[in-house]
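Commentary on secondary and tertiary structure
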Amino acid sequence: MSDLNAQAVAKYRTNFLKEVEERVEEGEWVKMCMQCGVCSGSCPLGPYWAHPPQEIFMMIRAGRRDEVLTSDSMWMCTSCYNCIVRCPRKLPITHIMHGLANYAHRLGLAPKNQPTRVFATLFWNNLIRTGRVNELKLSLALYFKDGFKQGIQNALNMQKTGLGLMKAKRLNPFELFSGHGCKDKKGIAAMLKKAREIEASRKHFAN
Amino acid sequence: MTEIVATNQTILVVGGGISGMTAALEAAECGKQVVLVEKEASLGGRVSQLYRYFPKLCHPTCGLEINLRRLKSNPRIRVVTLAEVTGLTGKAGDYTATVRVSPRYVNENCTACGACGDAVSSEVANTFNYSLNKSKAAYLPHAMAFPQRYVLDPSIIGTAEAEKAKAACKYDAVDLGMQEETLSLKVGAVVWATGWKPYDANRIQPYGYDRFANVITSVEFERLADPHGPTGGKLLRPSDGKEAKNVAFIQCAGSRDENHLRHCSRICCMASLKQTNYVREKGGENARSTVYYIDIRAIDRFEDFYQKVLADPQVKFVKSKVAKIVEDAKTGDVVLHGVDTEGYHRYANAHDLCVLAVGMEPSVKGMDIPAEIIADSSGFLEINSATAGVFGAGCATNALDVNRAVQGATAAALRAIQVVNRVARAEG
């Protein structure tokens, strides 16, 4: 169990709803759900979710902390916004799903090999290094997420597309070595650090 | 020219539905002078378009008949139909109302013999049946219409059709020269009882009311069940005229939804529970109803009615707001998709016919109402204590069933009476 998780458990004990309200983005909306089921029925990926949003909201209220935070359900969200548009109570469901996923990740409870989580992590780490996404490195990292052998296979499969992109000057192979960043790398790092601090104090991560 | 005697001891009632009729009758039976203004060609409003009432399942025609008899025997009420209030100025005890009266093209000589209707051949949408069928362009609004007089649709005026209607009339009742009039009435108090309208189901996009023939509204379903309706009382679905034996009811179609109507319309749960009785009454033992709901709001004494329907093996309840409807192009059946709340099971259920229990929208919403009248966030009227000479009644003030609308109308009449009594005392 990570320190942050142990801390959270100690702080909120059985009151998982309160934990979500305080620490998850838009979490204060969860109590507004009236269990009509329109979000779950409207979700294009609904059949692939272990727990549809409506059920997740009820599980949060029922205090089923581990089941919610270790679930891969909220990672299935593709941000199509059907649920937000249709929710009769105007809950920002998409944002709550991302908030829950982010919180679970932060506590180290999110499923390790969930593809969306892997991609999001790669994307973020890639972005904060130079302040700019290096597309070549990002896609190569994604090819190799399931091991070296599969990575080579993936790269070979995409060979034609890669060459095409190079010809069209949409892909520069030299990006692999250095890659161009933004002008003020230090500034970006400082900004992100500050954002983390603000988030930690707002969401009571410190105590 | 319409002659109406009105003074500042007269009470003006706007709207001739069940609430307006009640307010007018109560005030007149207390000895007050009343002018009752109705937008349509006959009195009765939405209640006259219902097949049965809940919870007793009796027919609204019965109550309507009683009210009409009270009305006919009371000389203190003046009824003006096809009339709309377009302006209201002044203050409590001293209002001037502007009323626009549209031409009926038929005068008091009419005996409702129907010769004009037989003579014309062009047809217009029958709005009494929510345009589910057509009626002749010279028509009686409905069997119990009051006044019992025909109407010529304005679309045939100036054509040979109108001349045919005139030629057919033996009583010289067709008057093609009638013009729109504007009346100015002096009144002491106003009861505003303009009622409600069904929420526009086209706006609930995932339910496809605008795209699928077999998705209809609850008010349309009332007309299908009514023997005077477009199908002679048979539950024939619109796409192919097949008898509907497997009917779905979707609750909160528009109500309790921040994207549509914020409020609970209060009547729809009971209306759908009532309509499951129609399905059983018309379809026999093989007929089935399925009610899709968020929660059933059968308030106070209606709980018994709900329990009775709950015990009916031909009625199934699914706790879920339906997410979307798709049409089976081959059969015309509608397939309802969603996830239920009792177990989170994903379903795709096919039904012959789907009835949307549409919400109540106040008729005053978006209407050009006089500034003295104030409304809440849903558009329902509230009493403005600063002026307190204009009183809302019935569904103009809230989503109400008939029983509560009538109670509210009586209360509004009492308030209006107090205002004109004050005027009478001041005038000695």
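Nothing here was measured: the structure is a model prediction, and the numbers come from that model. (Residues numbered from 1 in each chain as written. Chains lettered and ligands numbered in written order. Predicted model: local features only at pLDDT ≥ 70, side-chain atom pairs only at ≥ 80, totals over all residues.)

**Things to note about the overall build of chain A**
To be explicit about the condition: Going along the chain from the N terminus, every DSSP run of H or I of four or more residues is numbered as a helix, and every run of E of two or more is numbered as a strand. The contact criterion used here is simple: two residues whose C-beta atoms, placed from the backbone, lie within 7 Å are in contact.
Regarding its fold elements, chain A presents twelve helices and zero strands. Walking chain A from its N terminus toward its C terminus, one meets helices and strands in the order α-α-α-α-α-α-α-α-α-α-α-α. Along the longest, intermediate and shortest principal axes, the C-alpha atoms of chain A span 55 × 40 × 30 Å. For chain A, contacts bridging at least 24 residues in sequence account for 59% of all contacts bridging at least 6.

**Things to note about the overall build of chain B**
Going by this rule: Around each residue's C-beta, the other C-beta atoms within 10 Å are counted; 20 or more make the residue buried, 12 or fewer make it exposed, and counts in between make it partly exposed. All C-beta atoms are placed from the backbone.
From N to C terminus, chain B includes eight helices and 24 strands. By its C-alpha atoms, chain B is 70 × 55 × 35 Å across when sized along the principal axes. Counting only residues that meet the buried cut, chain B has 49% of its 428 residues in that class.

**Focus: the sheet that holds strand 17 (residues 324-327) of chain B**
Residues and elements named next belong to chain B. Where we set the bar: Two strands are said to pair when DSSP picks up at least two bridges between them. With axes taken as lines fitted to C-alpha atoms, and helix axes fitted only over the stretch in contact, angles between N-to-C directions fall between 0 and 180 degrees.
Taken in spatial order, the three strands line up as 17-18-19 in an open sheet, and their pairing is antiparallel. The outermost strands of the open sheet, each flanked by one partner alone, are strand 17 and strand 19 (346-351). On average, adjacent strands in this sheet sit at an angle of 25° to one another, irrespective of strand direction. Where strand 17 lies against strand 18 (residues 334-339), four bridges are found, and the strand directions are antiparallel. Considered in strand 18, the bridge of Glu327 is made with Val334.

**Here's the deal with the domain arrangement of chain B**
Residues and elements named next belong to chain B. Worth spelling out the cut-off: Throughout, the edges of the domains are those of an automatic or database domain assignment. The classification used treats Ala, Val, Leu, Ile, Met, Phe, Trp, Tyr, Cys and Pro as nonpolar, Asp, Glu, Lys and Arg as charged, and all other residues, Gly among them, as polar.
Examined at the domain level, chain B breaks down into domain 1 (10-102 + 180-195 + 363-427), domain 2 (115-168) and domain 3 (199-360). Taking only C-alpha atoms, the centre of domain 2 and the centre of domain 3 are 32 Å apart. Counting residues at the interface gives six residues for domain 2 and six residues for domain 3. A per-class count over the side of domain 2 that touches domain 3 returns three nonpolar, three polar and no charged.

**A few points about the interface of chain A and chain B**
With 17 residues of chain A at the contact, the number on the chain B side is 18 residues. Elements that contribute at least two residues to the side of chain A that touches chain B include exactly helix 3 (38-42) and helix 4 (53-61) of chain A. With four residues, the top contributor of residues to the side of chain A that touches chain B is helix 3 of chain A. For the side of chain A that touches chain B, the per-class residue count stands at six nonpolar, seven polar and four charged.

**Details of the domain arrangement of chain A**
The domain boundaries assigned to chain A delineate domain 1 (3-111) and domain 2 (115-196). Each of domain 1 of chain A and domain 2 of chain A has a C-alpha centre, and the two are 29 Å apart.

**Digging into the nonpolar core**
Grouped burial of nonpolar side chains is what soluble globular proteins tend to show. All names here are of chain B. Using the following cut-off: Any set of buried Ala, Val, Leu, Ile, Met, Phe, Trp, Tyr and Cys residues joined through C-beta atoms within 7 Å is what this text calls a nonpolar core.
Within the largest apolar cluster, 165 residues are counted, with the highest numbers of intra-cluster contacts made by Val13, Val191, Trp192 and Leu356. Of the residues forming this core, the biggest block, nine residues, is contributed by helix 8 (residues 402-427). When neighbours within four sequence positions are excluded, Trp192 is seen to be in contact with Val14, Ile373, Leu381, Val390, Phe391, Gly392, Ala393 and Ala396.

**Overview of the pairing of strand 1 (residues 10-14) of chain B**
Residue and element names in this part refer to chain B. The criterion, for reference: With the strands pointing away from the viewer, any crossover whose connection runs clockwise from the first strand over the helix to the second is right-handed.
Along strand 1, five of the five residues are buried, which leaves the element largely enclosed by surrounding structure. Relative to strand 2 (residues 33-37), strand 1 runs parallel, the two being bridged by five bridges. Paired with Leu12 across the two strands is Val35, which belongs to strand 2. Each parallel crossover has a hand, and the one from strand 1 via helix 1 (residues 18-29) to strand 2 is right-handed. As paired elements, strand 1 and strand 11 (residues 189-192) share four bridges and run parallel to each other. Pairing of Val13 across the sheet is with Val191, part of strand 11.

**Section: the packing of helix 6 (residues 268-283) of chain B against helix 7 (residues 303-310) of chain B**
All names here are of chain B. Threshold: Roughly parallel means an angle under 35 degrees; roughly antiparallel means over 145; roughly perpendicular covers 65 to 115; every other angle is labelled oblique. Note on convention: near helix rotated counterclockwise from far helix by under a right angle means a left-handed crossing. Clockwise means right-handed.
Between helix 6 and helix 7, the least distance of the axes is 10 Å, while the angle of their chain directions is 40°. With respect to each other, helix 6 and helix 7 are oriented oblique. Regarding helix 6 and helix 7, the two cross each other, and that crossing is left-handed. Listed contacts from helix 7 to Met270, Leu273 and Thr276 of helix 6 are Phe305, Tyr306 and Val309. Of the residues in the contact of helix 6 with helix 7, the class split is five nonpolar, one polar and no charged.

**Looking at the sheet that holds strand 11 of chain B**
Residue and element names in this part refer to chain B. Strand order across the open sheet formed by five strands is 3-2-1-11-24, with parallel pairing between neighbours. Strands with a single pairing partner mark the edges of an open sheet, and in this sheet they are strand 3 (77-80) and strand 24 (390-392). Direction aside, the axes of adjacent strands within the sheet are offset by 20° on average.

**Examining unusual backbone geometry**
Note that the residue after Phe54 of chain B, namely Pro55 of chain B, is joined by a cis bond; omega there is -5°. Of note, Pro55 of chain B is situated in the loop between strand 2 and helix 2 (60-72). Cis geometry is found at the peptide bond from Phe146 of chain B to Pro147 of chain B, where omega equals -5°. Take Pro147 of chain B: it is sitting in the loop between strand 8 (138-139) and strand 9 (151-152). Notably, Lys169 of chain A is not glycine yet its phi reads approximately 60°, a positive angle. Considering the arrangement of structural elements, one finds Lys169 of chain A in the loop between helix 11 (159-167) and helix 12 (185-202). Look at Lys169 of chain A and you get exposed, because 7 C-beta atoms sit within 10 Å. With a phi angle near 55°, Leu82 of chain B is a residue other than glycine that sits in the positive phi range.

**Concerning the environment of Val37 of chain B**
All names here are of chain B. Following the sequence through the fold, Val37 ends up in strand 2. Residue Val37 is classed as buried on the basis of its C-beta count, with 29 C-beta atoms lying within 10 Å. Each C-alpha atom of the pair Val37 and Ser377 lies 26 Å from the other, and the pair is 340 residues apart in sequence. Once you skip the residues sitting within four places of it in the chain, Val37 turns out to touch Leu12, Val13, Val14, Val80, Ala83, Val85 and Val99.

**Section: the pairing of strand 11 of chain B**
Walk down a regular strand and you will see the side chains alternate between the two sheet faces. Residue and element names in this part refer to chain B. Burial along strand 11 is two-sided: Ala189 and Val191 facing one way and Val190 and Trp192 facing the other are all buried. Pairing of strand 11 with strand 24, which is carried by three bridges, proceeds in the parallel orientation. Residue pairing in the sheet places Val191 in a bridge with Phe391 of strand 24.

**Considering the confidence of the model for chain B**
Condition: Think of pLDDT as the predictor's per-residue confidence, scored from 0 to 100.
A residue-level look at chain B finds 97% of positions with pLDDT of 70 or above and a mean pLDDT of 94. Across the assembled chains, the prediction reports ipTM 0.87 with pTM 0.92.

**Observations concerning helix 8 of chain B**
Residue and element names in this part refer to chain B. Let me state the cut-off plainly: Given the number of residues in a helix, its expected span is that number minus one, multiplied by 1.5 Å.
Here helix 8 contains 26 residues, and its C-alpha end-to-end distance of 37 Å stays within 8% of the 38 Å for a straight helix at 1.5 Å per residue. Taken as a whole, helix 8 has its buried residues at Val402, Ala405, Val406, Gly408, Ala409, Ala412, Ala413, Ala416, Val419 and Val420. In this structure, the buried residues of helix 8 make contact with strand 1, helix 1, strand 11 and strand 24. The first or second residue beyond helix 8 is Gly428, which carries a positive phi of 70°.

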